[in-house]
Amino acid sequence: MRTYFSLAYLILMDIILRTTPTITEETCNGLNDRYYYQAVALADSAYTFNWAISSGIYVPTKLAIGSVQFVAQYDAANEKIIAEGPCGSTSWSAFEVKDKTLRYQKDGFSFEVQCFTENGSPLKFKVLPKNNTTIEAFR
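Predicted model, so just to flag it, every value in this text is computed and none were measured. (Residues numbered from 1 in each chain as written. Predicted model: local features only at pLDDT ≥ 70, side-chain atom pairs only at ≥ 80, totals over all residues. Heavy atoms only, no water.)

Draft legend 1. How the structure looks around the state of the cysteines. Taken as a whole, this structure holds one disulfide when the rule is applied. Covalent S-S linkage joins C28 and C87, the inter-sulfur distance amounting to 1.9 Å. Looking down the S-S bond of the C28 and C87 bridge, the torsion is -80°, so its handedness is left-handed. With C28 in helix α1 (residues 25-30) and C87 in strand β9 (residues 80-87), this pair connects stretches of sequence that are 59 residues apart. Judged by its relative accessible area of 1%, C87 falls in the buried class. (Disulfide = S-S within 2.5 Å. Helix = DSSP H or I, 4+ residues; strand = E, 2+ residues; numbered from the N terminus. Buried < 20%, exposed > 50% of the residue type's maximum accessible area, 1.4 Å probe, protein only.)

Below, the structure is given as structure tokens:
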């Protein structure tokens, strides 16, 4: 009898936080096609969903976790995720990157975001809110 083992390969992507945001309000407002919505995201529960693709290319994505909004882009040449900048009244200084994880913490509200691929799957977001909230993704 032969035994086969299936190995799952999870590749956690590097995230770069732009020191000077490059996103304008016009860009933020232009990303309004919602493709993911979690109306009740429970604290300490992970939510995973695909990155938006158009014509075979990962497109800029606006994530809205509660009232915090920011834009992420995929740098295919360097295989890195770039947190481009905040939208609306989101405080950019409340973000940090540690261990390939984008973290946000301000006024008792916090969450973590990671991006990964698994077994050659499309890029995915994993959002871990630390408070009960909503999660939305727009392309």
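Draft legend 2. Molecular detail of unusual backbone geometry. Located in the positive-phi region is D99, a residue other than glycine, with phi close to 55°. You can see D99 is positioned in the loop between β10 (95-98) and β11 (101-106). For D99, a relative accessible area of 61% translates into the label exposed. In this structure, N119 is a non-glycine residue whose phi angle is positive, near 50°. Checked against the element boundaries, N119 lands in the loop between β12 (109-118) and β13 (124-129).

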